[in-house]
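In case you want the letters, here they are:
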Amino acid sequence: MTKDLTTGSPGKTLLEFSAPLLVCAIFQQFYSMADSAIAGRFVGKEALAAIGASYPVTMIIMAVAIGLNTGCSVIISQLFGSKKMKSMKTAVFTSLISSFVMAVLLTIFCILFSSSMLLALNTPKDIFSGARVYLDIYIFGLFSLIIYNICTGIFAALGDSKMPLYFLICSSIGNVFLDIFMVTKLNMGIAGLAWATFIAQTAAALLALAVLMKRVHNIKTDEKPEIFSLNIFKRLMTVAVPSILQQSFVSVGNLFIQALINSYGSDVIAGYSAAIKLNTFAIVSITTLGSGVSSFAAQNYGAGLMDRVRLGFKAGIKIESDCISFRMGNGLKTGVCYIPLIQGELENIEVVAYNIVISDEKYDALQKGDQEPMGIKFHEIADYYLPLLKSNFTFNSR
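Residues numbered from 1 in each chain as written. Predicted model: local features only at pLDDT ≥ 70, side-chain atom pairs only at ≥ 80, totals over all residues. Heavy atoms only, no water.

## With respect to the overall build of the protein
- Helix and strand counts for the protein stand at twelve helices and zero strands.
- Starting at the N terminus and ending at the C terminus, the protein contains elements arranged as α-α-α-α-α-α-α-α-α-α-α-α.
- Burial analysis of the protein (398 residues in total) assigns 56% to the buried set.
- Long-range contacts, defined as pairs at least 24 residues apart, comprise 83% of the intrachain contacts of the protein with a sequence gap of at least 6.
- Of the accessible surface of the protein, which amounts to about 17,200 Å², a share of 67% is contributed by carbon and sulfur atoms. (Helix = DSSP H or I, 4+ residues; strand = E, 2+ residues; numbered from the N terminus. Buried < 20%, exposed > 50% of the residue type's maximum accessible area, 1.4 Å probe, protein only. Contact = heavy atoms within 4.5 Å. Areas by Shrake-Rupley, 256 points an atom, 1.4 Å probe, with all protein chains shown as cover.)

Pasting the structure below:
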């Protein structure tokens, strides 16, 4: 099913279109949150810390996937809105082929330098091997991650924000069951968590790709579309590259923060790992709404309806304001509900994470002799992100 975003009330249309995208983003974060929760409850602090130590590297990979998603979504939306179906189908094929190549190149690069990246982040020796195992398996599944995000972007460009959500809900639930099975029944530890995520993501990517290709095939055109267009590829990269750089800018900032956290040892890494997932959880809703506004604006821009573009942007600001108000009122409740999930063998590690999430006071790091308290406030990290989030929403809404 495709949906024309150039008709109907701009605010209502945008809300109906963006709501599934927001839920989809929440379930996508559910992967890493589930891994952390199950690692903390069933494996131990070393596993939770190992996942946390590799997390910033995985976020850079995610930044590339999101950037490619934005690039293909904007261009395909414009062509779909202007009813240029032949060019639109060519853009779909070009996006997929470009993503395949990008996924292969990025996988090779990450495999070659995964150890070097972890060393550069000051990853402690006691969790290095676990972090390396988790990161290598995650990299092995990078192809599925990128393809799924590209398919999601194309579905959104065609006005369908629900189909990716269905796939993601099923794969997220499957991921949790696979996590528990591989950890508690097969005793695979941190490798089991990574392989469960790989299997769930790959299943979602293959299903999304199959449904997308069938849907594109059913769109009739007078002439056979090209399989690859260099001109369209350049247009895609014109949007995708700045978006990748923008997303990566935030992720690179996370690398410096993680390097600092890693210097305090695996105990603090475990606590920070739990808290940063909630931080990312809040950020993603903003970037996702920006993507929704991008698809809405691109379709209407392609149709030459500039008044609807402006009205859609205003509606997006209103929706985001409501989302911020909701998060401010429920963020602490989320922290209180999530942090106990990681409790198991962690004991005092839970307290460190709890303080990062809901306290405005400096928390005490686990002491090593006369070591001074770490003294990081969660609101200081939040202050670092806010200007970047504002620019991200504005950029994606152009």
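## Overview of the confidence of the model for the protein
- Model confidence for the protein is summarised by a mean pLDDT of 75, while 75% of its residues fall at 70 or above.
- Residue range residues 329–398 is modelled with pLDDT below 50. Its contacts to residues more than four positions away, or to other chains, number 135 contacts. (pLDDT = per-residue confidence, 0-100.)

## Describing a nonpolar patch on the surface
- Where nonpolar side chains cluster on the molecular surface, the patch consists of Ile-97, Val-101, Leu-105, Ile-227, Phe-228 and Leu-230 and spans about 540 Å² of accessible area.
- For the nonpolar patch, the element with the highest residue contribution is helix H3 (residues 85–120), accounting for three residues. (Patch = residues over 30% accessible without salt bridge, like charges linked within 9 Å, V, L, I, M, F, W, Y side chains within 5 Å. Salt bridge = Lys/Arg side-chain N within 4 Å of Asp/Glu carboxyl O.)

## Observations concerning the environment of Glu-320
- Relative to the assigned elements, Glu-320 resides in helix H10 (residues 306–338).
- In this structure Glu-320 comes out as buried when scored by relative accessible area, which is 6%.
- Taking the C-alpha atoms as reference, Glu-320 lies 7.3 Å from Leu-289; in sequence the two are 31 residues apart.

## Some thoughts on the packing of helix H2 (residues 45–81) against helix H4 (residues 125–140)
- At a closest axis distance of 8 Å, the pairing of H2 and H4 adopts a crossing angle of 40 degrees. With respect to H4, the element H2 is oriented oblique. Here H2 runs over H4; the crossing is right-handed. Contact residues: H2 offers Glu-46, Ala-49, Ala-50, Ile-51, Ala-53, Ser-54, Val-57, Thr-58, Ile-61 and Met-62, while H4 offers Ile-127, Gly-130, Ala-131, Tyr-134, Leu-135, Tyr-138 and Ile-139.
- By residue class, the composition of the contact of H2 with H4 is 13 nonpolar, three polar and one charged. (Axes fitted to C-alpha atoms, helices over the stretch in contact; angles between N-to-C directions. Parallel < 35°, antiparallel > 145°, perpendicular 65-115°, else oblique. Left-handed = near helix turned anticlockwise from the far one by under 90°. Nonpolar A, V, L, I, M, F, W, Y, C, P; charged D, E, K, R; others polar.)

## A look at the nonpolar core
- Counting 83 residues, the largest nonpolar core has Ile-61, Ile-76, Met-88, Val-92, Ile-146, Tyr-148 and Ile-154 as its most contacted members.
- With residues near it in sequence (within four places) discarded, Ile-76 still touches Met-88, Ala-91, Val-92, Ser-95, Ile-154, Ala-157 and Leu-158.
- Membership of the second largest hydrophobic core comes to eleven residues, among which are Leu-5, Phe-17, Leu-22 and Phe-296. (Core = buried A, V, L, I, M, F, W, Y, C linked by side-chain atoms within 4.5 Å.)

## Section: the pattern of salt bridges
- A full pass over the atoms with the stated rule returns four salt bridges.
- Glu-223 is paired through a salt bridge with Lys-86; the nearest N and O atoms lie 3.0 Å apart. Here Lys-86 lies in helix H3 and Glu-223 lies in the loop between helix H7 (189–218) and helix H8 (230–262), a separation of 137 residues in the sequence.
- Here Asp-160 and Arg-215 are joined by a salt bridge, their closest N and O atoms 2.3 Å apart. Linking Asp-160 in the loop between helix H5 (142–157) and helix H6 (163–185) with Arg-215 in helix H7, this pair joins segments that are 55 residues apart in sequence.
- Relative accessible area serves as the criterion here: at 3%, Asp-160 is assigned to the buried category.

## Things to note about the packing of H5 against H7
- Between H5 and H7, whose axes approach to 8 Å, the crossing angle comes to 35 degrees. Regarding H5 and H7, the two cross each other, and that crossing is left-handed. Packed against H5, whose contacting residues are Ser-144, Leu-145, Ile-147, Tyr-148, Cys-151, Ile-154 and Phe-155, the element H7 presents Gln-201, Thr-202, Ala-204, Ala-205, Ala-208, Leu-209, Val-211, Leu-212 and Arg-215 at the interface.

## Some points on the packing of aromatic side chains
- Per the counting criterion, the structure on display carries six aromatic pairs.
- Relative to Trp-195, the ring of Phe-140 lies with its centre 5.9 Å away and its plane at 75 degrees, an arrangement referred to as edge-to-face. With Phe-140 in helix H4 and Trp-195 in helix H7, this pair connects stretches of sequence that are 55 residues apart.
- An aromatic cluster is defined as three or more aromatic residues linked by ring pairs; in this entry it consists of Phe-140, Trp-195 and Phe-198.
- One residue, Lys-83, lies across the ring of Phe-80, its end atom 5.7 Å from the ring centre. (Phe/Tyr/Trp six-rings, centres within 6.5 Å; stacked < 30°, edge-to-face > 60°. Lys NZ or Arg CZ within 6 Å of the ring centre and 35° of its normal.)

## Some remarks on H2
- With 37 residues, H2 ought to run about 54 Å at 1.5 Å a step, and its terminal C-alpha atoms sit 51 Å apart, in line with that.
- Taken as a whole, H2 carries its principal kink of about 40 degrees at Tyr-55; the proline Pro-56 stands between one and four residues after it.
- In terms of burial, H2 is largely enclosed, as 33 of its 37 residues are buried.
- Once H2 finishes, Lys-83 follows within two positions and takes phi at roughly 65 degrees, a positive value. (Expected span 1.5 Å × (residues − 1). Bend = angle between axes of the 7 residues up to and from the residue.)

## What to know about unusual backbone geometry
- A positive phi is found at Asn-122, a non-glycine position, where the angle reads about 60 degrees.
- Tracing the backbone through its elements, the reader meets Asn-122 in the loop between H3 and H4.

## What about the environment of Ala-240?
- Tracing the backbone through its elements, the reader meets Ala-240 in helix H8.
- Of the residues examined, Ala-240 reaches a relative accessible area of 1% and is grouped as buried.
- With 168 residues separating them along the chain, Ala-240 and Cys-72 place their C-alpha atoms 7.4 Å apart.
- If sequence neighbours within four positions are ignored, Ala-240 has contacts with Gly-67, Leu-68 and Gly-71.

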